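Fold and geometry: a report
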Amino acid sequence: MSDSSPARPAPVLDVWCELQCPDCRTALDDLRALRARYGDRLELRLRHFPLEKHKHSFAAAQAAEEAVAQGQGWPYAEAVLDRVTELDRKGEPFLVEVARELGLDAEEFDTALIDGRHILIVDADQAEGKAIGVTGVPTYVIGGERLDGGKSQEGLRERVEEIADRLLAEQRD
């Protein structure tokens, strides 16, 4: 392979999740471990799959998209997931509070939740998730394989690593 060839894009791990979900909160440790192991060699993409049983999850997904727009998607998602019980209790004001704590433009979050500028992204994610068979969260999709963590997360990180390692090895060939 010559040095002039463009670098191949990193394999993508789509993480279907919702920010009011205790199981997604549990998955944070795995996501942090994957980020520590692969860094930029694996792209982790937050995908939204708000569940009806969690009344603040749709607003939280929109807030996460505003955080992406402000360059802090994952730090924001992790901060909300780390305090999922507070989101249960406080609702939308908590989403703005977390933005403020992270030094983001909290007023813009407030406005985004009112004007619904990110609803289409959330709806599109949810529709795509349903189309590929996502039924619960967290669900991981990597290399065309869907791994459902909604029932059990046992062994999922290892499986994601196996697939990621294989995809990265294929890139070198």
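Predicted model only: the values in this text are computed from it and were never measured. (Residues numbered from 1 in each chain as written. Predicted model: local features only at pLDDT ≥ 70, side-chain atom pairs only at ≥ 80, totals over all residues. Heavy atoms only, no water.)

**What about the overall build of the chain?**
Counted only if it meets this: Only DSSP runs of H or I covering at least 4 residues are called helices, and only runs of E covering at least 2 are called strands; the numbering of each starts at the N terminus. Throughout, radius of gyration means the C-alpha value; the globule benchmark is 2.2 Å times the number of residues raised to the power 0.38. Residue exposure (1.4 Å probe, protein chains only): buried if accessible area is under 20% of the type maximum, exposed if over 50%, otherwise partly exposed. Whether two residues are in contact is decided by their heavy atoms: any pair within 4.5 Å suffices. Method for areas: the Shrake-Rupley scheme with a 1.4 Å probe, in which residue coverage is limited to the protein chains shown. Under the convention used here, Asp and Glu are negative, Lys and Arg are positive, and both His and the chain ends fall outside the count. By convention, charge coordinates are those of NZ in Lys, CZ in Arg, CG in Asp, or CD in Glu.
Across its full length, the chain carries eight helices and four strands. Scanning the chain from its N terminus toward the C terminus, one meets helices and strands in the order β-α-β-α-α-α-α-α-α-β-β-α. In terms of C-alpha radius of gyration, the chain reaches 17 Å, essentially the compact-globule figure of 16 Å for 173 residues. Its C-alpha atoms give the chain principal-axis dimensions of roughly 50 × 40 × 30 Å. Out of the 173 residues belonging to the chain, those deemed buried represent 48%. Sequence-distant contacts, at least 24 apart, represent 69% of the contacts inside the chain between residues at least 6 apart. Accessible area of the chain: about 8900 Å², with a carbon and sulfur share of 50%. Placing the 22 positive and 35 negative side-chain charges of the chain at their respective mean positions leaves the two points 3 Å apart.

**Points about unusual backbone geometry**
Glycine aside, a negative phi is what most residues show, and trans is what most peptide bonds show. Following Val-137, the chain continues into Pro-138 via a peptide bond in cis, with omega recorded as -5°. Within the fold, Pro-138 resides in the loop between helix H7 (119–131) and strand S3 (139–142).

**Observations concerning the pattern of salt bridges**
In plain terms, the rule: In what follows, salt bridge is the name for a side-chain nitrogen of Lys or Arg lying within 4 Å of a carboxyl oxygen of Asp or Glu.
Per the stated rule, a full pass over the model turns up 24 salt bridges. As a salt-bridge pair, Arg-32 and Glu-78 come within 3.0 Å of each other at their nearest N and O atoms. Here Arg-32, found in helix H1 (residues 22–38), pairs with Glu-78, found in helix H3 (residues 73–82); they are 46 residues apart in sequence, far enough to count as distant. Judged by relative accessible area, which is 30%, Arg-32 ranks as partly exposed. The exposure class assigned to Glu-78 is buried, which follows from its relative accessible area of 11%. We note a salt bridge from Glu-78 to Arg-35, for which the minimum N-O separation is 2.1 Å.

**Describing the sheet that holds strand S1 (residues 12–17)**
The cut-off we apply is this: Should DSSP find at least two bridges between two strands, the strands are regarded as paired. Convention adopted: a line fitted to C-alpha atoms gives each axis, helices being fitted over their contacting stretch, and angles between N-to-C directions are expressed from 0 to 180 degrees.
In spatial order, the strands read S2-S1-S3-S4; together these four strands make up an open sheet with mixed pairing. Only two strands of the sheet have a single partner each, and these edge strands are strand S2 (43–48) and strand S4 (145–148). Geometrically, the sheet is characterised by an average inter-axis angle of 20° between neighbouring strands, direction not taken into account. Looking at chain direction, S3 and S4 are connected through four bridges and run antiparallel. Paired with Tyr-140 across the strands is Leu-147, a residue of S4. Each of S1 and S2 touches H3; the most contacted strand, S2, lies at about 55° to it.

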